[in-house]
Amino acid sequence: NNAVTVWIALDDADAETGVVEYARGSHRWPRSSAKTTFHAGGAGYRQAMLDAAGTEKVDIAELRVPKGSCVIHHQDVWHGSACNGSKIRPRRAVALHLIREDV
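Residues numbered from 1 in each chain as written. Predicted model: local features only at pLDDT ≥ 70, side-chain atom pairs only at ≥ 80, totals over all residues. Heavy atoms only, no water.

## So, the sheet that holds strand E5 (residues 79-80)
In step 1: Strands sit in the order E3-E2-E5 across an open sheet of three strands; the sheet is antiparallel. Of all the strands in the sheet, just strand E3 (60-63) and E5 have a single pairing partner and so form its edges.
In step 2: Across four bridges, the pairing between strand E2 (residues 20-23) and E3 is antiparallel. Within E3, the residue paired with Val 20 across the bridge is Leu 63. (Pairing = 2+ DSSP bridges. Helix = DSSP H or I, 4+ residues; strand = E, 2+ residues; numbered from the N terminus.)

## Points about the environment of Arg 31
In step 1: If you trace the backbone, Arg 31 turns up in the loop between E2 and helix H1 (47-53).
In step 2: When the C-alpha positions of Arg 31 and Ala 53 are compared, they lie 9.4 Å apart, and in sequence the two are 22 residues distant.
In step 3: The residues touching Arg 31, leaving out its near neighbours within four places in the chain, are Gln 75 and Asp 76. (Contact = heavy atoms within 4.5 Å.)

## Describing the sheet that holds strand E6 (residues 93-99)
In step 1: Reading across from one edge, E4-E1-E6 is the order of the three strands in this open sheet, with antiparallel pairing throughout. The outermost strands of the open sheet, each flanked by one partner alone, are strand E4 (70-74) and E6. Going across the sheet, the axis of each strand differs from the next one's by a mean of 15°, ignoring polarity.
In step 2: Where strand E1 (residues 3-9) and E6 come together, seven bridges link them in antiparallel fashion. (Axes fitted to C-alpha atoms, helices over the stretch in contact; angles between N-to-C directions.)

## Here's the deal with the side chain of Ser 86
In step 1: Secondary-structure assignment places Ser 86 in the loop between E5 and E6.
In step 2: Of the residues examined, Ser 86 reaches a relative accessible area of 11% and is grouped as buried.
In step 3: A distance of 2.7 Å separates a polar atom in the side chain of Ser 86 from the backbone nitrogen of Arg 89.
In step 4: Once residues within four sequence positions are removed from consideration, Ser 86 is found in contact with Glu 16 and Thr 17. (Buried < 20%, exposed > 50% of the residue type's maximum accessible area, 1.4 Å probe, protein only. Polar contact = N/O pair within 3.5 Å; in protein donor to acceptor, adjacent residues only side chain to side chain.)

## Digging into the side chain of His 73
In step 1: Considering the arrangement of structural elements, one finds His 73 in strand E4.
In step 2: What makes His 73 buried here is its relative accessible area of 8%.
In step 3: Only 3.0 Å separates the side chain of His 73 from the side chain of Tyr 22, close enough to count as a polar contact.
In step 4: Here His 73 is in contact with Val 4, Thr 5, Tyr 22 and His 79, once residues within four sequence places are set aside.

## Quick word on the pattern of salt bridges
In step 1: Summed over the entire model, instances satisfying the criterion amount to seven salt bridges.
In step 2: Put simply, Arg 24 and Asp 59 hold a salt bridge, and the shortest N to O gap is 3.1 Å. Taken together, the residues span a long stretch of sequence, with Arg 24 in the loop between E2 and H1 and Asp 59 in the loop between H1 and E3 at a distance of 35 residues.
In step 3: Of the residues examined, Asp 59 reaches a relative accessible area of 28% and is grouped as partly exposed.
In step 4: A salt bridge links Arg 100 to Asp 102; its shortest N-O distance comes to 2.8 Å.
In step 5: Accessibility expressed as a relative area gives 57% for Asp 102, which makes it exposed.
In step 6: Salt bridges sharing partners connect three or more residues here, namely Asp 14, Glu 16 and Arg 89. (Salt bridge = Lys/Arg side-chain N within 4 Å of Asp/Glu carboxyl O.)

Function cannot be read off these values alone, since they describe shape.
Printed below as a string of structure tokens:
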């Protein structure tokens, strides 16, 4: 419970460029020693998240984030995105990590 991230879209994150995905309730899953990435890495990019879920039900929220908008998430929420499927449109963003001062 020491950090949150603010992800600010510089370009649209949509169905073509890759929506932002969150595993609802994943911040309440038991701690796992599973690999802690849930980002574009081919067709199996969700596998580490599924491994961490174990027997927990997985419910993915897919968020379109228009440029100039932001999403905010807690450090323990599994999040990520598929690869950008567009050949011409980028999906750029700025991320700010807000961390407690005693960390």
